[in-house]
Amino acid sequence: MLIHPEPDATLPYLQHHLGEPMLRWLLGGTDPALTEQQNQIVEALRQQLREIIAGSRQPSSMQVDLFCSPTENGTVIGQFKELLSGPDEHLQPSGDDVLDALRVVARTAYPRLLLPPAPYRMPINIAHWLPDFKAFLFAARADPTLIFTRPSNEVEQLDFIADGFFEATFARNMILAAWEQERLEQSRVPALPELYRRLETVLDQVRLGCAGRDFEVVYLASLTGLTLPEDENIEAESIRIRAARWGDHPGALQSLLEQQTTTTLGDGSDRTITISDAGDVIVEVRCPARVIFQRNDSDQITAWQIKPKIDAEHVISRVRLACLLSWSRENPPVILPVWSGLVDPFVGGGVLASWRSPQGFAPRTPIELTRTEMDQWQIWLERVREIDLKRIGVAPARLLRAVAERTDFADALIDAVIVWEALFGDKIETTFKVTTAIIRLLGRTPEERRAIKKEVTQLYEQRSLIVHGQGGHTDQHDASQRAITLSIRCLKALIEHRPDLVPKTSGERVSALVVME
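Now for a look at the structure at hand. All values derive from a computational prediction rather than experimental measurement.

### With respect to the pairing of strand β8 (residues 301–308)
Right, on to step 1. Bridge count between strand β7 (residues 281–295) and β8: seven bridges; the pairing is antiparallel. Within the sheet, the bridge partner assigned to V291 lies in β8 and is I306.
Right, on to step 2. Hairpin connection of β7 to β8: five residues between the antiparallel strands, including D299 at a positive phi of 65 degrees.

Printed below as a string of structure tokens:
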């Protein structure tokens, strides 16, 4: 911890409202030993902050934001920073007027980025009427590579105070993208000089996009149900899977972060595992993208959107499927995606794109993965990547739905059986052909084949009773788990041992399995 609580609660109070990264920046390091003059300044900061928070009915996070809002004299928090540990590193000219001006704007916005996520907190606010931004505005409009700006002859016709809303959006998005890119790469809060350096990369990406060329974006998604060891990653081509850390979760979803599920390890120790509804695992997917500009009749850009060159949601489904297929414990894990966002310099760095609460889906039992299990997950990520999942139809989606999304065991059983039929079904004699194909795929001895035939037949009968409204006579939870286990075995065997059958139609797979031997 940065601060150790003492009878004088000034530093803990500031840490609570401003966050540890902000306090570290204010003090110029992690040493809590302050001089007498610094103690007086810190106490003045606390008193001013307490007066503002106590005198308002708005959430405290909104009042803290005022300390970081830009004015003609900088920010209030920036003034305290200079008193406590001196000004930030002086900016050296880069030879790129747009970059130099953007870095000045980023210096003012930096304290806002350090604040902890909160439900009512906007990441940063670019004051388009201030001189620092006006310098960026004119530099950007003078740069012919930045096609989203207005020509300079149009600038003079606009009101100077109101001008710049359009470009302020781009400045904000570039700063956010630089912050997120650096945070993801360094696995920590970026220092201001690091943000300056990353802005050059981001500005290059913007210029590529304006020229109609590809640039890299990062798709982020959270998964709930699992925990990973700290500082342990899974790397597979353009995918990285890691434990969630500070700043990952959007402020709007802090309430989900507070909703937690805890269980004991079950190994005789007192250790527990806790997961949150916001997700404890983060998936990063890097991919090329292009920006599509929309223009009006006067050929002016009015809107834009990012077009990644991969289906990111499909990638997340592959990640979840690979985890299921790698599983060696008794019961398959319930893994659910919660939120997703895109880190790009045009739409915004890590802005929340979509989310859903996991409460309406299958109940999750917290699971802590070992390094060995992570290695198996990585192996299956590679295997799944090498095949075209679209050739096996709805089988992957139905399996994920049966395991993690169904709250009714009868629905889970039906989905699991649909997996078999997607793999081996046909228009004629569906049940017979599916049963025969599963027996041939999984059975190695006559005894195994007889047991598999009996299992498939019983589960088919149970499914039929449910579909026809008779409910079934066996335990539906047990039946659904058995059907899910069989579905996982079929997909594992097909991908690992018979990848040659994946590109074929379901009928061709049946024929190939029946005539084998």
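That shown, we press on.
### Let's talk about unusual backbone geometry
Right, on to step 1. The backbone phi angle of D231 is positive, close to 65 degrees, even though this residue is not glycine.
Right, on to step 2. Checked against the element boundaries, D231 lands in the loop between β2 (226–227) and β3 (234–236).
Right, on to step 3. Backbone geometry places E237, a non-glycine residue, at a positive phi of 55 degrees.
Right, on to step 4. Of note, E237 is situated in the loop between β3 and β4 (239–243).
Right, on to step 5. Judged by relative accessible area, which is 61%, E237 ranks as exposed.

### With respect to helix α18 (residues 476–497)
Right, on to step 1. Between its terminal C-alpha atoms α18 stretches 31 Å, which fits the 32 Å expected from 22 residues at 1.5 Å a residue.
Right, on to step 2. Those residues of α18 not exposed but buried are A479, S480, A483, I484, L486, S487, I488, C490, L491, A493, L494 and I495.
Right, on to step 3. Residue D475 occupies the N-cap position of α18, its side-chain oxygen lying 3.3 Å from the main-chain nitrogen of H477.

### Let's talk about helix α16 (residues 430–442)
Given 3.6 residues per helical turn, the α-helix brings residues three or four places apart onto the same face.
Right, on to step 1. For α16, built from 13 residues, the straight-helix expectation of 18 Å at 1.5 Å per residue is met to within 8% by its first-to-last C-alpha distance of 18 Å.
Right, on to step 2. Those residues of α16 not exposed but buried are V434, T435, T436, A437, I438, I439, L441 and L442.
Right, on to step 3. In this fold, the buried residues of α16 make contact with α15 (409–424), α17 (446–467), α18 and α19 (506–514).

### Looking at the packing of helix α12 (residues 312–326) against helix α14 (residues 395–405)
Right, on to step 1. Between α12 and α14, whose axes approach to 10 Å, the crossing angle comes to 70 degrees. With respect to each other, α12 and α14 are oriented roughly perpendicular. When you trace α12 past α14, the crossing you get is left-handed. From α12, S317, R320, L321 and L324 reach across to α14, where they touch P396, L399, L400, V403, A404 and E405.
Right, on to step 2. Classifying every residue of the contact of α12 with α14 by side-chain character gives seven nonpolar, one polar and two charged.

### Let's talk about the pattern of salt bridges
Right, on to step 1. Inspection of every chain in the model, using the stated rule, returns 36 salt bridges.
Right, on to step 2. R141 is paired through a salt bridge with E167; the nearest N and O atoms lie 3.0 Å apart. Linking R141 in helix α7 (residues 131–141) with E167 in helix α9 (residues 165–186), this pair joins segments that are 26 residues apart in sequence. Comparing R141 with E167 shows no difference in burial state: the two are buried.
Right, on to step 3. Linked through salt bridges whose partners overlap, the residues forming this network are E180, R183, E216, R240, R242, D248, E284 and R286.

### Concerning the nonpolar core
Right, on to step 1. One finds W377 and W420 to be the most contacted residues of the largest nonpolar core, which totals 144 residues.
Right, on to step 2. Take this core: its biggest share by element is 11 residues, from helix α6 (residues 97–114).
Right, on to step 3. Sequence-distant contacts of W420, defined by excluding residues within four places in its chain, comprise G425, V434, I438, V456, L459, Y460, A483, L486 and S487.
Right, on to step 4. Ranked by size, the runner-up nonpolar core spans 10 residues in total, among them L184, V218, L220 and W339.

### Observations regarding the state of the cysteines
Right, on to step 1. Overall, the coordinates contain zero disulfides when judged by the stated rule.
Right, on to step 2. Looking at the unpaired C210, the closest cysteine sulfur is the one in C287, lying at 18 Å.
Right, on to step 3. Given the relative accessible area of 9%, C210 is considered buried.

### As for the environment of T274
Right, on to step 1. Among the secondary structure elements, T274 is positioned in strand β6 (residues 272–276).
Right, on to step 2. A sequence separation of 47 residues divides T274 from T227, and the C-alpha atoms of the two residues are 8.1 Å apart.
Right, on to step 3. Beyond its immediate sequence surroundings of up to four residues, T274 is in contact with T227, Q260, T261, T262 and D280.
Right, on to step 4. Of the polar contacts made by the side chain of T274, one reaches the side chain of T262; its length is 2.9 Å.

Conventions we followed
- Residues numbered from 1 in each chain as written.
- Predicted model: local features only at pLDDT ≥ 70, side-chain atom pairs only at ≥ 80, totals over all residues.
- Heavy atoms only, no water.
- Pairing = 2+ DSSP bridges.
- Helix = DSSP H or I, 4+ residues; strand = E, 2+ residues; numbered from the N terminus.
- Buried < 20%, exposed > 50% of the residue type's maximum accessible area, 1.4 Å probe, protein only.
- Expected span 1.5 Å × (residues − 1).
- Polar contact = N/O pair within 3.5 Å; in protein donor to acceptor, adjacent residues only side chain to side chain.
- Contact = heavy atoms within 4.5 Å.
- Axes fitted to C-alpha atoms, helices over the stretch in contact; angles between N-to-C directions.
- Parallel < 35°, antiparallel > 145°, perpendicular 65-115°, else oblique.
- Left-handed = near helix turned anticlockwise from the far one by under 90°.
- Nonpolar A, V, L, I, M, F, W, Y, C, P; charged D, E, K, R; others polar.
- Salt bridge = Lys/Arg side-chain N within 4 Å of Asp/Glu carboxyl O.
- Core = buried A, V, L, I, M, F, W, Y, C linked by side-chain atoms within 4.5 Å.
- Disulfide = S-S within 2.5 Å.

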